[in-house]
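Structural overview for review
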Amino acid sequence: MKKIKYLGLIMIMVLALTGCGKSSKNVAEQYCNILVKGNYGDMLEIAYFPKSDLITKDKIKEAKQNYFEEMSKNNNNVTTCEVNQTNEDDKKIYYKVVKNGTDTENIEIDKKTNKVIIKDLYVNSIVKVGDGTTTFIDGVELKDPQKKPLAEEGKTRNDFDYNDEYENYLKSLKTYEYVYNITTLKHANYKIKYTHIFYKDVEKEICKEENCVNSWYRQGTDGVEVLDSTSIKDQDLVNTLKDMFKEIALVGFEGKDKNYINKYFENSEAKAYIDIFKKERQTQDDGFGSSHYTYKKLNESTNGSIWFIKVWYIEEDEIKIDVQVHYIADISAKYKGTEEGLASVISNVTLKKYNNSWKIVSFDDVRYG
């Protein structure tokens, strides 16, 4: 008999300590009392919050002051408050709140947590980033994104007026963005930080509107990006790759012995990359004649001779990038004669890492300019 009494006493103490013994009406009445007393920050103690790694006790504490100030503007004249239950379903209990005898408001209480569901306390928003980007919000790394191609699948050549539009579409199908759905507190401040193997970290304020999009595509999916000294994070990696592509281009342009750069290629097919750098090349006749290009030297002005203009993706041991090699050439045109000018070779290159060194495994989409 004593054991039963003790067990009952323990249960009462647990309920008292956890607050689980409160009825939904008690919580609704507490909501009313907070409005009357004006201690609006305490509303967050009885509020429902969805599960989110970004909604922590510290963040709730931070949000209190901002929420208090917002509530003070709208509720500082409440002197009386009553609650009455109006409905109930499997998940919620519904109450009508009557303020000052006439002003009504409907609130909902979540059955599972016995907490008040208050509008505008939290925000559901989206983060979109490109390949190779790791994202943190207040130090918490975002994980398990949805991986989506930048273009909608299912289109054919007939959907495009020009071949280059269709080619760009096919490329976009191979370029991915990573989408995270996040939930944050509306009245707390959050910093979102984007990190990338090539680029310096970028930190911004997170947007606080429902369904707004935080996006970062520094790696060229939204335009041409040159990896210059102001944006580079991993300078050693970029310098290593630039030196490699420069050495390969010089072998091709100047007809040097190819054997000593075998270390840069995984196979003989990849080694054909050297041959895209031609000392002499000629454009097709566009109706006004063709142009003849004769290589003179690499263009080392501005950002140098090697530009990485687009990062398609970066993984731990694989990189896919668009490489642009700039050089100076004698350009002979039918109606202009010969003059010195700028030229370039652009290609899409895939590299893999072997024993801490990078090798070209394949390339495609060679363009001359």
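Structure: above.
Residues numbered from 1 in each chain as written. Predicted model: local features only at pLDDT ≥ 70, side-chain atom pairs only at ≥ 80, totals over all residues. Heavy atoms only, no water.

Scanning the entire structure with this criterion turns up 16 salt bridges. One salt bridge in this structure joins Lys99 and Glu105, with 3.1 Å as the shortest N-O distance. Using a relative accessible area of 8% as the deciding quantity, one classes Lys99 as buried. On the basis of relative accessibility, which here comes to 23%, the residue Glu105 falls in the partly exposed class. Residue Glu340 pairs with Lys296 through a salt bridge whose shortest N-O separation is 2.6 Å. With Glu340 in strand β17 (residues 337-354) and Lys296 in strand β14 (residues 291-298), the pair connects residues that are 44 residues apart, well separated along the chain. Salt bridges sharing common partners tie together Lys59, Glu62 and Asp138. (Salt bridge = Lys/Arg side-chain N within 4 Å of Asp/Glu carboxyl O. Buried < 20%, exposed > 50% of the residue type's maximum accessible area, 1.4 Å probe, protein only. Helix = DSSP H or I, 4+ residues; strand = E, 2+ residues; numbered from the N terminus.)

Its 20 residues place the ends of helix α5 (residues 235-254) 28 Å apart at the C-alpha level, agreeing with the 28 Å of an ideal helix rising 1.5 Å per residue. Regarding α5, the residues found buried are Leu237, Val238, Leu241, Lys242, Met244, Phe245, Ile248, Ala249, Val251, Gly252 and Phe253. Positive phi shows up at Gly255, right after α5, with a value of about 65°. (Expected span 1.5 Å × (residues − 1).)

All right, on to the sheet that holds strand β6 (residues 133-137) then. Strands sit in the order β7-β6-β10-β11 across an open sheet of four strands; the sheet is antiparallel. What marks the edges here is a single partner per strand, and that holds for β7 (140-141) and β11 (202-205). Two strands pair when backbone bridges link them, and β6 and strand β10 (residues 191-196) are joined in this way by five bridges, in the antiparallel orientation. Looking across to β10, one finds that Thr133 is bridged to His196. (Pairing = 2+ DSSP bridges.)

Its volume calculated, the largest pocket comes out at about 400 Å³. When residues of the lining of the largest pocket are traced back to their parent elements, those giving at least two are α2 (24-37), α3 (57-75), β2 (92-99), β3 (103-110) and β4 (115-117). Tallying contributions element by element places α3 first for the lining of the largest pocket, with five residues. Here the lining of the largest pocket is built from residues that sort into nine nonpolar, three polar and six charged. (1 Å grid on protein atoms, 1.4 Å probe; cavity = no way out; pocket = protein on both sides within 12 Å on 5 of 7 lines; lining within 4 Å. Points joined across faces, edges and corners; volume = space filled by probe spheres on them. Nonpolar A, V, L, I, M, F, W, Y, C, P; charged D, E, K, R; others polar.)

What follows covers the sheet that holds strand β1 (residues 81-88). The four strands are arranged β1-β2-β3-β4 in an open sheet whose pairing can be described as antiparallel. Both outer strands of the open sheet, β1 and β4, are each paired with one neighbouring strand and no more. For this sheet the average axis-to-axis angle between neighbouring strands, irrespective of direction, equals 35°. This element, α2, spans β1, β2, β3 and β4 of the sheet and lies at about 145° to β1. (Axes fitted to C-alpha atoms, helices over the stretch in contact; angles between N-to-C directions. Contact = heavy atoms within 4.5 Å.)

That's the geometry; what it means functionally is another story.
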